[in-house]
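# Coordinate analysis (summary)
What follows is the residue order along each chain.
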Amino acid sequence: MFLCRSAVPLSFTLTTVLTDRVKEQLRAQLAECGWRDQVRAKIREAIERDGIDKVSVESLVHQIVPAAQELVPDRVRQDLCQRVQAALGPAAGGAK
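Below is a short write-up of the structure. Predicted model, so just to flag it, every value in this text is computed and none were measured. (Residues numbered from 1 in each chain as written. Predicted model: local features only at pLDDT ≥ 70, side-chain atom pairs only at ≥ 80, totals over all residues. Heavy atoms only, no water.)

## Digging into the side chain of Asp79
- Within the fold, Asp79 resides in helix H4 (residues 74-88).
- A distance of 2.8 Å separates the side chain of Asp79 from the side chain of Gln29, its partner in a polar contact. (Helix = DSSP H or I, 4+ residues; strand = E, 2+ residues; numbered from the N terminus. Polar contact = N/O pair within 3.5 Å; in protein donor to acceptor, adjacent residues only side chain to side chain.)

## Some details on helix H3 (residues 57-71)
- Between its terminal C-alpha atoms H3 stretches 20 Å, which fits the 21 Å expected from 15 residues at 1.5 Å a residue.
- Against the buried residues of H3 lie helix H2 (35-50). (Expected span 1.5 Å × (residues − 1). Contact = heavy atoms within 4.5 Å.)

## Section: a nonpolar patch on the surface
- Together, Val57, Val61 and Val65 make up an exposed nonpolar region whose accessible area comes to about 250 Å².
- Looking at Val65, the relative accessible area reads 38%, which means it is partly exposed. (Patch = residues over 30% accessible without salt bridge, like charges linked within 9 Å, V, L, I, M, F, W, Y side chains within 5 Å. Areas by Shrake-Rupley, 256 points an atom, 1.4 Å probe, with all protein chains shown as cover. Salt bridge = Lys/Arg side-chain N within 4 Å of Asp/Glu carboxyl O. Buried < 20%, exposed > 50% of the residue type's maximum accessible area, 1.4 Å probe, protein only.)

Now the structure itself:
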């Protein structure tokens, strides 16, 4: 196995770079489709409903994460799956 100058395995470095690219593309797509704004609105609604003094980070996470997951558009999910499969190469597209 080849090593980078920093003694980190090259395969690890490439995987990290690919992962970072996929994350950045996902963030951009979510912002572009308005998902981030929708999630912010849900958070504001929860705070207004429950009161700022009675809301904890844990309760917000518990309320918002399922709603946020549902708000992700199908086209963004499909694109993410395709990007991950492409990054993983032929091993990802094996037996169906």
